[in-house]
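Results of the structural survey
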Amino acid sequence: MKTSSGISVLFIVILFLCYSCQPAKESTDSIPPALLEDAYAKYKAPEIDNRRYGYEVIAPLIAGRKEIFETTVLGESVEGRPINALTYGEGTRKVLLWSQMHGNESTATMALFDLFNFLEGSADDGFESIRSALRENLLLRFIPMLNPDGAEKFVRRNAQQIDLNRDAVRQSTPEGFVLKTARDDFEPEFGFNLHDQNRYYNVEGTALPATISFLAPAYNEDREVNAVRSRAMKVIAGMDQLLQQVIPGQVGKYDDSFEPRAFGDNIQKWGTSTILIESGAYSGDREKQYIRQLNFMILLNALYEIATGSFDQYTEEAYHAIPENDSKLMDLLIKNVETTAVDKKYLTDIGIKSSEVFLDSVLVLEGSIADWGDLSVYYGHEEIEAKGMTLEKGEIWPEVIPLEQLDSAKVLQMLKEGYLAVATEMQYQGQVHQFPILIFTEGNAPNMHPDLDDTPLFYLSAKGKKNIAIINGHVVHLEKENNSIFSGLIK
Ligand SMILES: [Zn+2]
């Protein structure tokens, strides 16, 4: 009796342990960052290597997919470009992912093509258990480029000049109509709304850029949290936990004011747990190729956690604890430089922002003076502490020089002698050059005493010696022989 009862207790205990350990193991399932990095390295799509590309670049990558994907055309853009969807999986939990609603926000699109390669990977690559979890539990539908007309020109809006993200209700754009219809036809449980944000977002109270920002959008003015929104918050908390291991402190959360015209807010309202991902800036990654990798990692891990149900291990509190986005970054912040106005000396900070111009796929930066005065609440992607330094104006080289007669040594000599700009012949206008000096053609001479919004063009000197030249927002150290070459546009 005693023995028999002991055995049954033991049996029950074992049964209980198995029962409790099995779901517990499942509920903490997530993919280690190192494994995600390996998967990215193996499956990154080599056909895309910079963030400016149009539909013609992705069309062959969609047409050439293996049969595990069902490829459909959901509709056409204003200018007649196809809007494609790719569907993958045999499961019942439906997830819709749409990218590049804004034509110049292409980072996540690249990651989706990396993800497609991963999903097509061979069964012996070491990732099959991840793939089978996705395949067996999920039905995934991807819309990689919702706004191909905007992508073609690398602009935000569609060919009607409408911001698709304000067209969720009215649907006066064919692209907005496609997305709304795709959601209604598919009725996904989860939705991923993939965007880029400008590079001036920082994580509140820090100089760190918000490399990735999240939002579980509100579905009403009161910003209430129902089960739909709560699930989105938990998935985001899982993505944040992953990112904190690879880019600690560089994740922000958007303000959740309800925007009644936006897709994220409405799709949440229509019953799909919606997750907004915004790709921001990362130091030294203007082309956003590392941020593309981060997108691949968080998307794959989030899909895995949705597939296994392990996203439920996270809490709404973890979501709320993600710090807010702020917008306090400049590209270059020069602090405490002495300057003169009407013969009066004063100390100032100078904030410079650089807009991005693509000439074919070459990225050219055009700096402008965004602000000056007390900028102590701002941060710079690059900062110069200029205490003890004086702002000194430069000159224009007195002769017109044909472009082919310039070389690095000559340009450096010009900079050292006090010349920050040089004129060249008209035929070179609009070309890209790689000299650390401002080059212009007749009639386009820069203001050598730059004001707000002008091209930043001046020296920082200490004890009468010119140490640094600021040329179109680029920093050139004059004591260095080999300054890094940058691309400039001949005006
Ligand atoms: Zn956007």
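Per an unreviewed UniProt entry, the chain carries the name Peptidase M14 domain-containing protein and comes from Cyclobacterium qasimii.

Now for the packing of helix α4 (residues 107-119) against helix α10 (residues 289-308). At a minimum axis separation of 8 Å, α4 and α10 run at an interaxial angle of 55°. For the element pair α4 / α10, the angle class is oblique. Taken as a pair, α4 and α10 cross one another with a handedness that is right-handed. Note on element contacts: α10 touches α4 through Q289, I291, R292, N295, F296, L299, L300 and L303, opposite T107, A108, M110, A111, L112, D114, L115 and F118. Of the residues in the contact of α4 with α10, the class split is eleven nonpolar, three polar and two charged.

Neighbouring strands of a sheet are bound in pairs by backbone hydrogen bonds; such pairs are parallel or else antiparallel. The strand order β1-β2-β4-β3-β5-β9-β7-β8 describes an open sheet built from eight strands, whose pairing is mixed. If you trace the sheet from one side to the other, it starts and ends with β1 (70-76) and β8 (251-253), each paired once. Each strand axis lies, on average, 20° off the axis of its neighbour in the sheet, ignoring direction. Of the pairings in the sheet, the one linking β1 to strand β2 (residues 82-88) comprises six bridges and is antiparallel in character.

All right, on to the coordination of the zinc ion then. Ideal geometry at a metal gives 109.5 degrees between four tetrahedral donors and either 90 or 180 degrees between six octahedral ones. Those protein atoms acting as donors to the zinc ion are H102 (ND1), E105 (OE), E105 (OE) and H195 (ND1), and they sit at 2.0 to 2.7 Å. Along the chain, the residues donating to the zinc ion are arranged with the sequence spacing H-x2-E-x89-H. With E105 in the loop between β3 (93-99) and α4 and H195 in strand β5 (residues 190-196), this residue pair connects regions lying 90 residues apart in the sequence. Here the two residues E105 and H195 agree in accessibility, since each one is buried.

Positioned with a positive phi, R223 is a non-glycine residue whose angle comes to about 55°. R223 gets classed as partly exposed once you look at its relative accessible area, which sits at 38%. Unusually for a residue other than glycine, V342 sits at a positive phi of about 45°. In this structure, V342 sits in the loop between β11 (329-341) and β12 (344-359).

Two descriptors summarise a pair of aromatic rings, namely the distance from one centre to the other and the angle between the planes of the rings. Tallied over the full model, the rule gives 14 aromatic pairs. Residues F116 and F142 carry aromatic rings whose centres are separated by 4.8 Å and whose planes lie at 75° to one another, so their mutual orientation is edge-to-face. Here F116 is found in helix α4, whereas its partner F142 is found in strand β4 (residues 138-143), with 26 residues between them in sequence. As far as the burial class goes, F116 and F142 line up, both buried. By way of ring pairs, the aromatic residues Y40, Y43, F118, F127 and F296 are connected into one cluster. One Lys or Arg, K253, reaches over the ring of Y319 and ends 5.8 Å from the middle of that ring.

Before going further, it helps to examine the UniProt feature "domain: Peptidase M14" (unreviewed entry) in the chain. Sites flagged by UniProt as "domain: Peptidase M14" (unreviewed entry) map to residues 32-294. Helix makes up 36% of residues 32-294 and strand 19%, whereas the separation of the span's terminal C-alpha atoms amounts to 13 Å.

Right, let's get into the environment of I143. Inspection of the secondary structure assignment puts I143 in strand β4. Placed 105 residues apart in sequence, I143 and D38 show a C-alpha to C-alpha distance of 25 Å. Discounting chain neighbours no more than four positions away, the residues touching I143 are L74, I83, N84, A85, L96, L97, W98, S99, L179 and A182.

Take the packing of helix α5 (residues 128-137) against α10 next. Put simply, α5 and α10 touch, their axes get as near as 9 Å, and they point 55° apart. It follows that α5 is oblique to α10 by the angle criterion. Of the two possible hands of crossing, α5 and α10 adopt the one that is left-handed. Along its contact with α5, which presents S129, I130, A133, L134 and N137, the element α10 presents L300, L303, Y304 and A307. The class makeup of the residues in the contact of α5 with α10 is seven nonpolar, two polar and no charged.

Conventions used here
- Each chain has its residues counted from 1, following the order in which its sequence is written.
- It should be noted that, the model being predicted, local features are given only for residues of pLDDT at least 70 and side-chain atom pairs only at 80 or more, the latter also being counted only at that level, while totals for whole chains, interfaces and linings use all residues.
- The side-chain quantities take in all heavy atoms of the structure and omit both hydrogens and water.
- Only the contacting stretch of a helix is used when fitting its axis, a line to C-alpha atoms as for every element, and angles between N-to-C directions run 0 to 180 degrees.
- Helix and strand assignments follow DSSP, with helices taken as H or I runs no shorter than four residues and strands as E runs no shorter than two, numbered in order from the N terminus.
- Orientation is classified from the angle alone, with under 35 degrees giving roughly parallel, over 145 giving roughly antiparallel, 65 to 115 giving roughly perpendicular, and any other angle giving oblique.
- The handedness criterion is simple: a crossing whose near helix is rotated anticlockwise from the far helix by less than a right angle is left-handed, and one whose near helix is rotated clockwise is right-handed.
- Should any heavy atoms of two residues lie within 4.5 Å, those residues are counted as being in contact.
- Gly falls in the polar group here, along with every residue not listed as nonpolar (Ala, Val, Leu, Ile, Met, Phe, Trp, Tyr, Cys, Pro) or charged (Asp, Glu, Lys, Arg).
- Only when DSSP finds a minimum of two bridges between them are two strands counted as paired.
- Coordinating N, O and S atoms are those within 2.8 Å of the metal (3.2 Å for Na, K and Ca), and as water is not part of the atoms, a site may appear to have fewer donors than expected.
- Exposed residues in this analysis have more than 50% of their type's maximum accessible area, buried residues have under 20%, and partly exposed residues fall in between, with area computed by a 1.4 Å probe over protein chains only.
- In this analysis, rings of Phe, Tyr and Trp, with Trp reduced to its six-membered ring, are considered paired at centre separations within 6.5 Å, and the interplanar angle assigns stacked below 30 degrees, edge-to-face beyond 60, and tilted for intermediate values.
- Ring-over charges, as used throughout, are those where CZ of Arg or NZ of Lys falls within 6 Å of the ring centre and within 35 degrees of the ring normal.
- UniProt positions are given in the numbering used here, feature names are shortened, and annotations may be inferred rather than shown by experiment.

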